[in-house]
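# Chains, contacts and geometry: an overview
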Amino acid sequence: QVQLVESGGGLVQAGASLRLSCAASGRSFSSYYMGWFRQAPGKEREFVAAINQNDGTTYADSVKDRFTISRDNTKNTVYLQMNSLKPEDTAVYYCAGRPGPGDYRDYTYNYWGQGTQVTVSS
């Protein structure tokens, strides 16, 4: 069993930056495909970014060139660096993981964190 705990959310003004962290418990973190998703009020959860076991990354078009996902296997942690934040980035951000290959489909992930709120004011 893997437990994921997000941190780093908060209230910022448009144009600011935040870095989210997701700490994973358990073994074999390096073998997990990790992703970030978000859910805004009244909207469905959506894919944000993902990173594979070889540090290959993929991003939603809405965050490409502004957000960067990375991982530190020595710390069992995945990060989401968010720059040039916009009010439309306001959402609860979730970290998710799964063993083996993965992609943008949330229903394919086995493990989820509790979420961290990001609020961007205009």
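Anything mentioned here points back to the structure above.
As a starting point, this report considers the structure included with it. Because the structure is predicted, anything quoted here is derived from the model rather than measured. (Residues numbered from 1 in each chain as written. Predicted model: local features only at pLDDT ≥ 70, side-chain atom pairs only at ≥ 80, totals over all residues. Heavy atoms only, no water.)

Next up on the list: the pattern of salt bridges. Applying the stated criterion across every chain yields a total of six salt bridges. A salt bridge links D61 to K64; its shortest N-O distance comes to 3.2 Å. Put simply, R66 and D89 hold a salt bridge, and the shortest N to O gap is 2.8 Å. Taken together, the positions of R66 in the loop between β6 (57–59) and β7 (67–72) and D89 in the loop between β8 (77–82) and β9 (91–99) put the pair 23 residues apart, joining distant regions of the chain. With respect to class, R66 is no different from D89; both count as buried. Among the charged side chains, a network of salt bridges with common partners joins R38, E46, R66 and D89. (Salt bridge = Lys/Arg side-chain N within 4 Å of Asp/Glu carboxyl O. Helix = DSSP H or I, 4+ residues; strand = E, 2+ residues; numbered from the N terminus. Buried < 20%, exposed > 50% of the residue type's maximum accessible area, 1.4 Å probe, protein only.)

Let us now look at the sheet that holds strand β1 (residues 4–7). Taken in spatial order, the four strands of this open sheet run β1-β3-β8-β7, and their pairing is antiparallel. The sheet is open, and its two edges are formed by β1 and β7, each paired on a single side. Adjacent strand axes in the sheet meet at a mean angle of 15° when their direction is disregarded. Sheet topology places β7 next to β8; six bridges connect them, and they run antiparallel. Directly across from T68, in β8, lies its bridge partner Q81. (Pairing = 2+ DSSP bridges. Axes fitted to C-alpha atoms, helices over the stretch in contact; angles between N-to-C directions.)

Just distances and angles here, no functional claims.
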